[in-house]
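Single-letter residue listing:
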Amino acid sequence: MIRSRYSAWDGSQAVWHPRPEEVLESLADSLLQDGDVHKALRTLLQHGMTDQRGRILLGLQDIVQRLRACRDQALRQYDPNSVVDDFRRQLDTLLARKRQALEAQLAVLRQRTDPAVAQMAARQAQMEAFPCDIGGLIQALQQYDFLDQQARADFAALQQTLHRQVLDHLLHAMLQPFHTMTPPDMQRLHQMIADLNGLLAQRSAGTEGDFQQFVTQHGALFPDGPPESLEELLEQLASHLHAMQSLLNSMTHEHRAALQQFMQQMGGDVSWQQALAALVQHIQSYMEEQGLGASLPFTGNTPLPLPEALQLIERLHDMARLEDHLERVLWGADPQQLDTLQVRALMGEEASGHVQALKELAEHLQNQGYICKSKDRLTLTARGIRRIAYKAMLDIFASMRHDQFGTHAARHRGIHGQRLEETKAYVYGEPLDLHLPRTLMNAVRRTAGRPPLRLAPQDFEVHSTEAVARCSTVLLLDMSGSMEREQRFTAAKKVALALDALIRTQFPRDALHMVGFFTYAEALHLEDLPYLTPKPFGFSPYTSSDMYHDPLGSLDLQIAMADAIAGRVDVPQAFTNIQAGLQMAGQWLMRQHAVNKQVILITDGEPTAHIRDHMICLEYPPSPRTVHATLQEVQRCTRHGITINTFMLGQEHTMERFVHALTKINRGRAFFTAPENIGDYILVDYLANRRRTIA
């Protein structure tokens, strides 16, 4: 019988690899805000993404947090001091068995009144006088004359096991396992350690030994091939002694001294012990130079034997190195340097899948043709811009409400134009575009369902239609410095992209032109729109005072138009010249042949610049001269049949007064809204005003 268990999706059951389209849509808001593809990808790399279905791609910040949590869990669980306790337990077990054997032998001898009783009692007293510390205990056991051959064999096996654990860990990177070595191999190893100590002593003295001769003589002991240099060999040895040193440094002083005593008394003759001690000293000196061997803050109580403890510490060091790599990528390094195999070994398959998906983001976007790399810089392609525009349109329409501004209730029937789902009674002379189901239903009602069913002219019901006029629109974007506040310019760019997508997909015969205004005005192109930012310096009441908040007086400057157009660095660019924007919009609209011509003006403040006698006048606070010159341009647009719809991102009193004067002249509409709602208002109004029905 098969049973299945279901649980809520939490994003961890499988790794989601987003499609390039989903990645680009997730980048859209960041791209519009900063205009930087590399920065947007970096943000996505850091924070990850979630799609509408709740699928999650973890960011590097989340992966770093998981890695830290895994390290902290291990540190809270285990106790490094238990390594010494484990050795002590094994020795105590051996001594307990030996005491039991001696007591049994003494009992037998006493029953026989054997003269050897005194000798056995002396051996028992000798055993009771063994030192308590591990090093002294091992030394005493090494000198003890075991009568029981089994006990002797047990101590030799224990000593060999502990001996092999330490040496295997210390020299594992360069040698074959010690349990497979023959006595001649061990003799060669002793000689190699002595020669290596000689080279390291020369290095400490500042001289260079003959490493190639060392490799020629002892290269056969390296199954994976000898290292290229003495530094490489030192690095390999230090990487393994690193774990042992960290283990020692993580213990209490008492346990550390006990383990060091044990290592000093662990098997071999005096010369072998001295050679190993000298090698360890050289490696420890190297680690001090490299800053290795730091203690780890263990706080747990779960015991660990030596091999598992050293493996755990190596794993924790690998986690620290991985965390360092992740941090460097978070701060801007190339994500391709991350090793997914290392992530899989330390964190599991899921985390490895997330890292691999993050590494592939930019590559997939390039392969799909949404971004390209030019001169070490990532940029959006035309296809990528169109995709972001389409996403902006979907976002804005998805948030629309039915009672937004711009929806008009008047509906007039028409005889030409787009076909509607609504129907009306047929009038002689109109196109006979029958709605067959309703026509038949009219005949059924008229005849009360009596067969045969015959149609009469009064039964005919046809589709309603509406005539759709062409519309030319100029979107005027305020690029003054104040538009940088509260992400106002980001919202305005999103609307511009959405309008372009709407017109291109739904109304291909319409025309859209974009103009940005600041101290002057300039035409904007769709491919440049994602990278545009407000001019970097905006004037405000705060910048019109000194450090003591005393007013500095009004600003009244005149600059040549040619200097403003050329973008000279000494010319302030962050003023609000609505007049120049309307002039450029009017020139373009007057060349269009559409019936409907409109300007959509998005701004957040009064005009602070105007043109007079081929000069640009910059005035702050806004002066009546600037307002008057701007309203004169509004009158000129009105005379040419251009409607101006204004969307004001703010509700200051002086702004409202200016906008009301503008709408009184032009008869357009004015909306005061927040950046997050501006798209709803503009697109609803655009859709409503481009339709014209005729009776």
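Computed from a prediction, not measured in an experiment: that's the story for all the values here.

As a further point, take unusual backbone geometry. With omega at -5°, the peptide bond leading from P451 into P452 counts as cis. Cis geometry marks the peptide bond from Y620 to P621; its omega dihedral reads 0°. Inspection of the secondary structure assignment puts P621 in the loop between β13 (615–620) and α22 (624–639). Despite not being glycine, D613 has its phi angle at roughly 55°, a positive value. By relative accessible area, which is 65% here, D613 ends up exposed. Of note in the backbone geometry, H614 takes a positive phi value of approximately 60° without being a glycine. In this fold, H614 is placed in the loop between β12 (609–612) and β13. In this structure H614 comes out as exposed when scored by relative accessible area, which is 65%.

As a further point, take the nonpolar core. In this structure, L247 and I602 are the most contacted members of the largest nonpolar core, which totals 157 residues. Among residues more than four places away in sequence, those in contact with L247 are P80, V83, L259, L306, A309, L310 and I313.

Here we come to the pairing of strand β7 (residues 471–478). Within β7, eight of the eight residues are buried, which leaves it mostly tucked inside the rest of the structure. Burial along β7 is two-sided: the residues C471, T473, L475 and L477 and S472, V474, L476 and D478 are all buried. For β7 and strand β11 (residues 596–603), the ladder comprises seven bridges, and the chain directions are parallel. Bridge assignment links L475 to a residue of β11, and that residue is I600. Sheet analysis places β7 next to strand β8 (residues 511–517), joined by seven bridges and oriented parallel. Bridge assignment links S472 to a residue of β8, and that residue is A511. Each parallel crossover has a hand, and the one from β7 via helix α19 (residues 488–506) to β8 is right-handed.

A few words on the sheet that holds β8. Read from one edge of the open sheet, six strands run β9-β8-β7-β11-β14-β15, paired in mixed fashion. Only two strands of the sheet have a single neighbouring strand rather than two, namely β9 (521–524) and β15 (670–672). On average, each strand axis in the sheet is tilted by 20° relative to the strand beside it, whichever way the strands run. Along the sheet, helix α23 (residues 653–666) makes contact with β11, β14 (642–648) and β15, crossing β14 at roughly 160°.

For the rest of this paragraph, the subject is helix α18 (residues 436–447). The end-to-end C-alpha separation of α18 is 17 Å, in line with the 16 Å expected for twelve residues at 1.5 Å each. Inspection of α18 places T439, N442, A443 and T447 among the buried residues, and these make up the whole buried set. Axial view of α18: buried residues confined to an arc of 120°, hence all on one face. Exposed residues pointing more than 90 degrees away from the buried face of α18 are listed as P437 and R445. A448 sits one or two positions beyond α18 and adopts a positive phi of about 60°.

Structurally, A392 can be placed in helix α17 (residues 382–398). On the basis of relative accessibility, which here comes to 3%, the residue A392 falls in the buried class. Sequence separation between A392 and L497 is 105 residues; the distance between their C-alpha atoms is 6.5 Å. For A392, the contacting residues outside a window of four places in its chain are K494, L497 and A498.

Once that is clear, we can look at the pairing of β12. Pairing of β12 with β13 involves four bridges; the strand directions are antiparallel. Within the sheet, the bridge partner assigned to A609 lies in β13 and is L618. In this structure, the hairpin formed by β12 and β13 is closed by a connection of two residues, where D613 is found at a positive phi of approximately 55°.

Turning our eyes to something else, we now look at the sheet that holds strand β10 (residues 555–560). Taken in spatial order, the three strands line up as β10-β13-β12 in an open sheet, and their pairing is antiparallel. Both edges of this open sheet fall to β10 and β12, since each of them pairs with a single strand only. On average, each strand axis in the sheet is tilted by 25° relative to the strand beside it, whichever way the strands run. One ladder, built from six bridges, connects β10 with β13; its direction is antiparallel. Along β13, the bridge assignment pairs I559 with I616. Lying over the sheet, α22 contacts β10, β12 and β13, oriented at roughly 70° with respect to β12.

Thresholds, definitions, all that
Once a new chain begins, its residue numbering starts again from 1 and follows that chain's sequence as written. Residue-level local features of this predicted model are given only where pLDDT is at least 70; pairs of side-chain atoms are given and counted only at 80 or more, and the full residue set underlies all totals for whole chains, interfaces and linings. Only hydrogens and water are set aside; all other atoms, that is, all heavy atoms of the structure, feed into the side-chain values. Only DSSP runs of H or I with at least four residues qualify as helices, and only runs of E with at least two residues qualify as strands; both kinds are numbered from the N terminus onward. Buried residues are those whose accessible area, probed at 1.4 Å on protein chains only, stays under 20% of the maximum for their type, while exposed residues exceed 50% and partly exposed ones sit between those limits. The nonpolar core is taken to be a set of buried Ala, Val, Leu, Ile, Met, Phe, Trp, Tyr and Cys residues, with the residues joined through side-chain atoms within 4.5 Å. Residues count as neighbours in contact if any of their non-hydrogen atoms are within 4.5 Å of one another. Two strands are said to pair when DSSP picks up at least two bridges between them. Throughout, right-handed denotes a crossover for which the path from the first strand over the helix to the second runs clockwise when the strands point away from the viewer. Axis lines are fitted through C-alpha atoms, for helices just across the contact stretch, and the angle between N-to-C directions can take any value from 0 to 180 degrees. To estimate the expected span of a helix, count its residues, drop one, and scale the result by 1.5 Å. Summarising the geometry, the arc corresponds to the directions from the helix axis toward the C-beta atoms.

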